[in-house]
Amino acid sequence: MAAVPSATAQNVQGEDPLGKLKSHMTDVMSPHQFLIFSGNRFPSMEERVSSSLAEIELALQKLPPDNIEALLSAYIGHLSTCKNHMQVVFFFSLLPKLVEKQTLNAKLLCSSLISNLDFEQELVWCESLETLKSQIAVVDYKGCRDLLRSYLHKIAALPLHIPECYTRRVYKTVKVLKFILGRDSCLLPTYMAQTESALSFGGSVHWIINDVLSDLQRSFRPLACAVSLPGRQYLMPVIGTSSSHNFLWKLDSNTFGFPSKGALPFDKEVHHSQKKLLIRVVRQPCARDLFMYMLTLEKKSKHQSQPMIEGIIVDAVVGLMEDADRITSEKVESAENMKLYFDDQWYNLVCLLSYFNMHSLLSIPNLILVLHQRISTMQLGKASRDDLMWLLLQIAGTVQTLASEHASDMFVCVDIYNCLFAEREPFPVPDANDPLAAKKMASACLMYQLFTKLGTSVGSRKFPANLHLHQSAIEKLVARSPTAYAFDSFHDAVSLNAVCTQQVLIKQLVTQLLELLNGPPSVYTKPPSGTQPTKPLSLAFLDSMTAHVRMSVVLNLTNMFYQHSAKFQLGLPPSPAMLETYCRVIHSFETEFFGVKNLQASVLPTVIRNRSLPTLNALMEILAFHVRLHHVPPHYRIKMLKNIHQDSSSPSANSSQLHLNAESAALRFIASCDYPDMHKEFARLGSDIKLLLVTGAEELNRTLALTIARGLHVSGCDRHASAWVDVIMRTLRTQMDVTWPSQVLKCIPKSLQDYFPLSTASLSRQEIIDTVEQEWPSFHAMDVETAIAHFKEAPQYHTFFCLMWKQLLETGHLSIVCLRVLESLTSQQLDCHIRTFCDYLVSMHMQQQSLQAQLAKCITAVSELIWKYDVLPLDKLILTMVMRNYETQRARVCFFIIQLLLLKETEFRNRVSLFVKEVSPHFWQSVDSHSEHQEYLKVYPEKFHYEGLARSLGEQVRSDASFPSHLGSLCVRFLPVCDLLIHRMIEMVGVLESSLITVLGILGPLYKFHDQPALFLYSTLHYYESTLSQKPQLKKKMVAAVIGALATSRPKGWCLSAEFSAYLAKQDAAVVDCWIPGTSYYRTLLQKLVNTFTGGPHGFPILDWRFVEFSNATDMAVHVTRLELLALPCSGERIVTDLLETMIECVMEVSDEEAVMTWINAVASLLVKLPESYWGTLMNRVRDYVSGMEAEEALEKEVIGQMVPDKAEFARFERGIRVPLIGWEHSNCIAVKRWKICLTMARAFWHHSTIGQISGLAEVIRNRLGPVVRTERQLLFVLQMVGPSLHRMNEERTRCLVDLLVEIHAMLKNVDSNADHLEHIDTFCDYLYHLKYMFVGEFSKEKLEDVFDKLRPPLQARLRFMMAPKHSDN
């Protein structure tokens, strides 16, 4: 007889559901207890199941939800004590029934099963996994992911070596794992499962389980290859362009590897350190900002020095020395260009290290220590050892000055010197006139600083014996009195370098230097007498100073500007020598912090605030004519433009000279707004961008709008208007009532056209004429006081210039009233009168078109106002006429008047001719550019205060009315106006082509003085490409005029190829029109570009990048090559087709992967900044290749006998162009290799693409590629093309990824409907889930509903997790 449970036990069972359930399970397990509770008979299976389910349900009902998991754990744990297999199976079979009755949650059950797995309990382990396998299918996919994670963690704990007796448990484990991971199971996205498996297993697991997980990882190799770019490490950004700051150039700041999304089985090269790429970037001039962008370095926050960055710098230095030794030993033909190349790179490293040290981004002592360790193990030659010591002098001196506790660490420099200079004989002292004297004596200066700083506490180190002659020379030079310095020899620069760490002495020497440049403060207020110094410090002398000395010079020059503006408002402006020296020294890249930054942040605002007009006029001349804006950071340009507007709108600045110079400076700064880097700054401004518009400055506002439109077009960002564009365009339209004529609107990007309706003239032609006729009688009778009162009241119509012109036309002279009114009007009022005069002049000429004699008389009267009476500045008049809102017919008359004013009268043409002949455009190289300029002004003086009118009336001309013109003249002021004139005439090229060619012939030589002639020509040809595409003669004339003007001022071959130059020289129009460049032309063009990318000896020449519009040789090479391609007399489609064919031929001739990618990188860099009619040809070519794949597949079936299987198929994609096509000996082998090159070319293009182009990627897929995609191979090709750009789109244009996802679904639907069987169904699904989980996330799925419902069931099953809930139910 069975024992009866005790009272205590019964009490526990009555109160504890868990205990009662355990008791019931014990009873069920015992046959004897079954007999007792069932009336001495065995219960049926149905009764046992029913009673057990009732007990479990009762227990679950009595427990709070939080305790259910504990109950399940106890339930499973209790089963582990059972040795009867049938009983264990029975109780595990109850659990699914509870789930079916919705008494128990499936995920909770599965989670409990996994957490209670015990590998030592075979029965429970196997039955738990069977139950898990049956129930996990009803868990939602996110729950499955959590369960898989727990299961993987449990599996990871299994031993590596398992005895044979555990085999059943192992295979049961693998079976469940395969079921969960199985692609056909569709429990969760396999992409999600792969991610969990990759994150869960960092070490070793049992070999059977490892096989399962390895198979899963291998199945994702196609996806990893599709979203990565083979050979990416060989792609090189073009420094100085906007596309160089896209996300794909970023590296991990700790590992220096490429960032990647997803735990995919990428190639090892993806995560390898890209030190080689960083070294190539560091060795490029002006690469500082890109280097910091790539490694996400911020100068505002103080970083700890990073040894890896120091290692990069050391590698760059050592590599540069090795290259210099190699080039010297090879004795290449272009040795002079290579010398400039290495000088350029050494200067770049000096600038980079100075900047990094200033912002604590590296430790100079650590850097020098690592450098010594590297050099001491190498055998370096003599080619660049002086350059290295010059670099060490500059950075060591900076460390000693800023942190003297590091001075002793600098003695490693002595060890470096001893490694490089083994000669026993003393080095001779270089000549005082040798420009290299400072570099040759850099070692001695550095030793002098070190040994002077620390005295005798130098250990065993001694001043090198071979430097004793240099040491003696330096000691003699330094011993001189400061007043003995004339600063006319390079030995004086050596003295400054040697004592730069001695604060008192260096201050005395710099003060003496500046007194020689500007005179002592006592002479600042003397009237102009021509005694101010005019000869600046030569650029060679400035370059012989260390960065620290130049910083001292800049700071002291800045203080002198403060003195001139604060104390001597009515005195002399800074001397010509000081101004020229200031212009030269602020362009040094290593002194940017103290130069351009101080100019925009302190000097200019202070001078404007103090209203020191002579000094302010001098600064405006610097900004208008000498500052090279290409190297000024965008936010500095914006701040300076605001300051210029503040000055020009100031009512106290009633000076025509100052107003014209300020307007010329503003035009130059506005012209720089088409640089792509400015757009990011505009976006940061937000609504404050309205501050760049000036009330009353209609011409400047219009110029800004057109410049922004041109910049958006050239950068490819013109499809959609950004928020900042919307703000500025709406402000122009609503608050300033700016409209455009039809010929201008048709050239503006379509996204901006909607902001501006067609122009409506505020006054009709006849109304203007009638108004003048009505005022003429009263004006003729006015006295001076009445006239001044009348015109200063700002009447409705500003007709003063109209009346003055009419008086001259009818009486042949101007009255005293005209002079007094002109003197009383402000510059802003005069601008309004000039605008009305332009409208009146055009209206009058439209009436008199048939009266040639009267027309000539009218133009003569205007010329007299300009040249005889000096009352109407030519540049202001032409600027106003060019920017007036004239429709076609009136515009034709306007440009006809302009042509007559510029070409009929010889006054301006003579000025241009003499200016081009006598004045050098290289102000930074001239010994005394001020004297050259003044000689020209003696012949054609600048007149701003109506001197001609005053003389004609016998009035005295004030000699002190005008400020000295140190830098400016009408010719250079006219350059930005000439740019606008050319643009407006191109917009009417159908009727003004011959006139434009004539204007180019006369004004073209002025582009010798343009600060960015090639960039102006490039942006013009780009923006007006559709207009000029059928005008090869005009393009030829434009290029010949602008580039031809620089023939004597820049080295041969700096811009155009020899074959294109020969084309420009041809005069026969018939011959010119039929010239079609051949393959040899494109090969030569590309080879020269590739040589420049690789730093070869036959690339583009090296220029002084501080004073030209390019950042470095590569930047120049890419821009001028684009310029040449745009100027060719062929269609863009023909040009790019021939270019691609040439590139493919060249690539197929080389086998080295780096060489192949260099060629592809060069062509991609060209295409991204060409118009869409050019780069669209590449996409059309991709479309043709994709379209031809159907025929290729048919050929493969015929030749090989069957379709290429999955692994071999994707091996071709995976290897890209790196592995030869082994085994493809049939006739289609070359074709396959060509489309592989085409794929890599397309991927490189999107890698380099601008933000505007990458934003339109979905549109390219929709319009060009999507319609031809019908097979799996075609879809794979397209997915590979866009895959490497997904990460960038996510960072820069996330919203565009959803559009791309929609297009991929649409292509997949087409492939699905055209295929009997999908070979790569899993790869397609993996790709889409990669898009969702790594980039897009949650998104509106309405656009995908129709596509999803039309897919075949296996695809729907795999993709249902991407869709709305109605599709995601299991």
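Just above, that's the structure.
Residues numbered from 1 in each chain as written. Predicted model: local features only at pLDDT ≥ 70, side-chain atom pairs only at ≥ 80, totals over all residues. Heavy atoms only, no water.

A.B. asks: I tried to follow the overall build of the protein chain on my own but got confused; where do I start?
C.D. replies: Each helix and strand counted, the protein chain has 72 helices and zero strands in total. Classification of the 1370 residues of the protein chain by burial places 61% in the buried group. Accessible surface computed for the protein chain: about 52,700 Å², of which carbon and sulfur atoms make up 53%. (Helix = DSSP H or I, 4+ residues; strand = E, 2+ residues; numbered from the N terminus. Buried < 20%, exposed > 50% of the residue type's maximum accessible area, 1.4 Å probe, protein only. Areas by Shrake-Rupley, 256 points an atom, 1.4 Å probe, with all protein chains shown as cover.)

A.B. asks: What am I meant to see in the packing of aromatic side chains here?
C.D. replies: Centre distance and the angle of the planes are the two values used to describe a pair of aromatic rings. Taken as a whole, this structure holds 45 aromatic pairs when the rule is applied. Look at Trp805 and Tyr840: their rings are 5.7 Å apart centre to centre, the planes differ by 80 degrees, and that puts the pair in the edge-to-face class. Taken as a pair, Trp805 in helix 41 (residues 800-811) and Tyr840 in helix 43 (residues 827-847) lie far apart in primary sequence, 35 residues in all. Since its relative accessible area comes to 1%, Trp805 is described here as buried. Residue classification places Tyr840 among the buried positions, given a relative accessible area of 0%. Every member of this aromatic cluster is reached through a ring pair, and the members are Trp776, Phe779, Phe791, Phe800, Phe801, Trp805, Phe837 and Tyr840. Above the face of the Tyr355 ring, Arg288 is positioned so that its terminal group lies 3.9 Å from the ring centre. Stacked on the ring of Tyr485, the Lys or Arg Arg480 has its end atom at 4.0 Å from the ring centre. (Phe/Tyr/Trp six-rings, centres within 6.5 Å; stacked < 30°, edge-to-face > 60°. Lys NZ or Arg CZ within 6 Å of the ring centre and 35° of its normal.)

A.B. asks: Help me out: how do you make sense of the state of the cysteines in this one?
C.D. replies: The term disulfide refers to a covalent linkage connecting the sulfur atoms of a pair of cysteines. Inspection of the entire model under this criterion finds zero disulfides. As a non-bridged cysteine, Cys144 has Cys110 as the owner of its nearest cysteine sulfur, 7.8 Å distant. (Disulfide = S-S within 2.5 Å.)

A.B. asks: Just checking my understanding: could you explain the pattern of salt bridges for this structure?
C.D. replies: Pairs can form between side chains of opposite charge whenever their charged atoms are close. The final tally for this structure, using the stated rule, is 62 salt bridges. The residue Lys440 makes a salt bridge to Asp434 at a minimum N-O spacing of 2.9 Å. Of the charged contacts, one joins Lys876 and Glu699 as a salt bridge, the two residues approaching to 3.8 Å between their closest N and O atoms. Of this pair, Lys876 sits in helix 45 (residues 874-882) while Glu699 sits in helix 35 (residues 698-714); the two residues are 177 residues apart in sequence, bridging distant segments of the chain. Judged by its relative accessible area of 2%, Lys876 is buried. Overall, the relative accessible area of 2% leaves Glu699 in the buried class. Residues joined in a network through salt bridges with shared partners are Lys107, Arg145, Asp146, Arg149 and Glu196. (Salt bridge = Lys/Arg side-chain N within 4 Å of Asp/Glu carboxyl O.)

A.B. asks: Explanation requested: the packing of helix 7 (residues 106-115) against helix 9 (residues 141-156) in the structure shown.
C.D. replies: In a pair of packed helices, the angle between the axes and the distance between the axes together describe the arrangement. Taken N-terminus to C-terminus, the directions of helix 7 and helix 9 make an angle of 5 degrees; their axes are 10 Å apart at the nearest point. In terms of their interaxial angle, helix 7 and helix 9 are classed as roughly parallel. Residues Lys107, Cys110, Ser111, Ile114 and Ser115 of helix 7 touch helix 9, and the partners they reach there are Gly143, Asp146, Leu147, Ser150, Tyr151 and Lys154. Among the residues making up the contact of helix 7 with helix 9, the classes are represented as four nonpolar, four polar and three charged. (Axes fitted to C-alpha atoms, helices over the stretch in contact; angles between N-to-C directions. Parallel < 35°, antiparallel > 145°, perpendicular 65-115°, else oblique. Contact = heavy atoms within 4.5 Å. Nonpolar A, V, L, I, M, F, W, Y, C, P; charged D, E, K, R; others polar.)

A.B. asks: Just to check I follow, could you spell out helix 10 (residues 167-181) for this structure?
C.D. replies: An α-helical turn contains 3.6 residues, so any two residues separated by three or four positions project in the same direction. With 15 residues, helix 10 extends 21 Å between its outermost C-alpha atoms, agreeing within 8% with the 21 Å of an ideal straight helix rising 1.5 Å per residue. Every buried residue of helix 10 is listed here: Arg169, Val170, Lys172, Thr173, Val174, Val176, Leu177, Ile180 and Leu181. Check the buried side of helix 10 and you find it contacts helix 8 (122-135), helix 9, helix 11 (190-200) and helix 12 (207-218). (Expected span 1.5 Å × (residues − 1).)

A.B. asks: Sorry, what's going on with the nonpolar core here?
C.D. replies: If you look at the biggest cluster of nonpolar residues, it comprises 486 residues, and the most contacted ones within it are Leu392 and Leu1167. When residues in this core are grouped by element, the largest group, 12 residues, is from helix 50 (residues 970-986). Excluding its chain neighbours within four sequence positions, the residues that come into contact with Leu1167 are Val1136, Leu1139, Leu1140, Trp1175, Leu1178, Met1241, Phe1245 and Gln1253. (Core = buried A, V, L, I, M, F, W, Y, C linked by side-chain atoms within 4.5 Å.)

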